[in-house]
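# Reading the structure
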Amino acid sequence: MDKLRIRGGRRLAGEVAISGAKNAALPELCAALLTAEPVLLSNVPRLHDVTTMLKLLHTMGVGAEQSSDAEATVALDASKVTSREAPYDLVKTMRASILVLGPLVARFGEARVSLPGGCAIGTRPVDQHIKGLQALGADIVVEHGYIVARAAGLRGAHITTDMVTVTGTENLLMAATLAEGETVLENAAQEPEIPDLAEMLIAMGARIEGHGTSRIRIEGVRELHGVTHRIVPDRIEAGTFLCAVAAAGGDVVLRGARADHLETVIEKLREAGATIEAGEGWIRVRASGRLRAVSFRTSEYPAFPTDMQAQFMALDSIAEGTASIAETIFENRFMHIPELTRLGARIEVDGRIAVVQGVEKLSGAAVMATDLRASAGLVIAGLVADGETVVDRIYHLDRGYDRMESKLRGLGADIERVKS
């Protein structure tokens, strides 16, 4: 397995381009299943999860061509789908594979999708997906580790999920576009990636209102057509770079980033003492010296994102003062704490609350990534630690960050990938 070797202590300076959002790209790749016409996506991030999704679509008979140019385009053709199955070997590595379920049932009336895998950060049941599709008229059974769904034709319904679920909202949104009549999704997730998916579907001929709010209304249509769509920038990648500069110090401009998708993160960074300016398509962050520790509580968008918790914990670890961090989304999302303490961080955990007492400096050591965002937190810690830090199991990082070490090296960090 590849590792990252980081020699800390360097300030970051320059410009970095923010890639397309992983959490928008994955459902939008699946949305190509809803039409027999060509779909062209641009600003597609080069990630392991994207590669896995393209492999999954290919096994179904979807044509997919990925460019290597600056536009990072993927051309998809689902006119000759030969299989309605998402096999375990692919689904087990990526939870987002569940997103083929809704489009397959809506367009073809059947699907067989393995129960998903992904990061081991906590229980993320798919019962809301199943409940919603059943409300739309699908017959579903779970057998031998697979969700098996059939429907002669989906019908609109009023669906209220028991919890806010991003992938659940996306799956039901896609399915409802081809259902007969009106569907209303209550308690819908509001993350920016969902309005981006909705805008893509609208451009394909779907009738959708209320996307970006907790109540989405969809009027089903008989068929959708092809589309050309540019994926929204990745707010979590942008937030990660903001935290990296805040921790290591420096002056960096993030090109392609959207500040309106990061309001709570930016507010906390300003509270910590970072200087942040923003305009159309860019964010500038400046920081020097030790910042102040800031407390926060993760929750559904637009509150503080759980996907930024590990990165902020790394920043709090070397800040002045003490911070309290409450994780309300995933019960296992503190697995990076033992690794941060190997670097000298002082963190105590009581259930879902971590108390971080900032120290003046961290000390480089060998650490192991436990999940995607934990990986990013360890990289940030390595950027400020004295000496050398080696981050193992970075296949987690590659699932969600497009060439992170190359981008950091372009800002002046001493970081390199060590091939296994």
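Everything discussed here concerns the structure shown above.
Residues numbered from 1 in each chain as written. Predicted model: local features only at pLDDT ≥ 70, side-chain atom pairs only at ≥ 80, totals over all residues. Heavy atoms only, no water.

## Topic: the overall build of the protein chain
Heads up, the rule is: Where helices and strands are cited, they refer to DSSP runs of H or I of at least four residues and of E of at least two residues respectively, numbered from the N terminus. For a compact globule the rule gives 2.2 Å times the number of residues to the power 0.38, and the radius of gyration it is set against comes from C-alpha atoms. Throughout this description, buried means an accessible area under 20% of the type-specific maximum (1.4 Å probe, protein chains only), exposed means over 50%, and partly exposed covers the range between. Using a 1.4 Å probe, accessible areas were evaluated by the Shrake-Rupley method; residue-level cover was limited to the displayed protein chains.
The secondary structure content of the protein chain amounts to 14 helices and 24 strands. Computed over its C-alpha atoms, the radius of gyration of the protein chain comes to 21 Å, within 12% of the 22 Å expected for a compact globule of 420 residues. Across the 420 residues of the protein chain, 57% fall into the buried class. Of the roughly 16,100 Å² of accessible surface on the protein chain, a fraction of 46% belongs to carbon and sulfur atoms.

## Quick look at the sheet that holds strand 12 (residues 207–209)
So the rule is basically this: DSSP bridges decide pairing: two strands pair if at least two such bridges lie between them. Axes here refer to lines fitted to C-alpha atoms; in helices the fit is confined to the stretch in contact. Angles between the N-to-C directions go from 0 to 180 degrees.
Spatially, 4 strands are ordered 10-11-13-12 in an open sheet, and the strand pairing comes out mixed. In this open sheet, the two strands that pair with only one neighbour each are strand 10 (158–160) and strand 12. If you compare each strand with its neighbour and ignore which way they point, the axes differ by 15 degrees on average. Where strand 10 and strand 11 (residues 182–186) come together, 3 bridges link them in parallel fashion. Paired with His-158 across the bridge in strand 11 is Val-184.

## Focus on the sheet that holds strand 6 (residues 85–86)
Threshold: Throughout, a contact is declared for two residues whenever any of their heavy atoms are within 4.5 Å.
Taken in spatial order, the 4 strands of this open sheet run 6-7-9-8, and their pairing is mixed. On the outer flanks of this sheet lie strand 6 and strand 8 (139–143), each paired with one strand and no other. For strand 6 and strand 7 (residues 110–114), the ladder comprises 2 bridges, and the chain directions are parallel. Paired with Ala-86 across the two strands is Val-113, which belongs to strand 7. Set on the sheet, helix 4 (residues 101–108) makes contact with strand 7 and strand 9 (146–150); between it and strand 7 the angle comes to about 165 degrees.

## As for the pattern of salt bridges
In plain terms, the rule: We define a salt bridge as a side-chain nitrogen of Lys or Arg found within 4 Å of a carboxyl oxygen belonging to Asp or Glu.
Counting across every chain of the model gives 30 salt bridges. Between Arg-417 and Asp-2 there is a salt bridge, and its shortest N-O distance comes to 3.2 Å. On the criterion of sequence distance, the pair formed by Arg-417 in strand 24 (residues 414–418) and Asp-2 in the segment before strand 1 (3–7) is long-range, its members being 415 residues apart. Residues participating in the shared-partner salt-bridge network are Asp-2, Asp-398, Glu-405, Arg-417 and Lys-419.

## Focus on the nonpolar core
Formally: We call a set of buried residues a nonpolar core when its members are Ala, Val, Leu, Ile, Met, Phe, Trp, Tyr or Cys and they connect through side-chain atoms within 4.5 Å of each other.
Core analysis: the biggest nonpolar cluster contains 76 residues, and Met-53, Leu-76, Val-100, Leu-173 and Leu-201 have the highest contact counts within it. With 71 residues, the next largest nonpolar core counts Ile-6, Ala-244, Ala-354 and Ile-380 among its residues.

## A short note on the environment of Leu-224
Following the sequence through the fold, Leu-224 ends up in the loop between strand 13 (215–219) and strand 14 (227–230). Separated by 117 residues in the primary sequence, Leu-224 and Arg-107 place their C-alpha atoms 9.7 Å from one another. Not counting residues within four places of it along the chain, the set of residues in contact with Leu-224 comprises Leu-34, Thr-35, Thr-177, Leu-178, Leu-201, Met-204, Gly-205 and Ala-206.

## Things to note about helix 12 (residues 372–384)
A turn of α-helix holds 3.6 residues, and therefore any two residues three or four places apart point the same way. For the record, the criterion: Counted as a polar contact is a pair of N or O atoms within 3.5 Å, where, for protein atoms, one must be capable of donating a hydrogen and the other of accepting one, and residues adjacent in sequence contribute only when both atoms are in side chains.
Extensive coverage of helix 12 is indicated by the burial of 13 of its 13 residues. Between a side-chain oxygen at the N-terminus of helix 12 and the backbone nitrogen of Arg-373 the separation is 3.2 Å; the capping residue is Asp-371.

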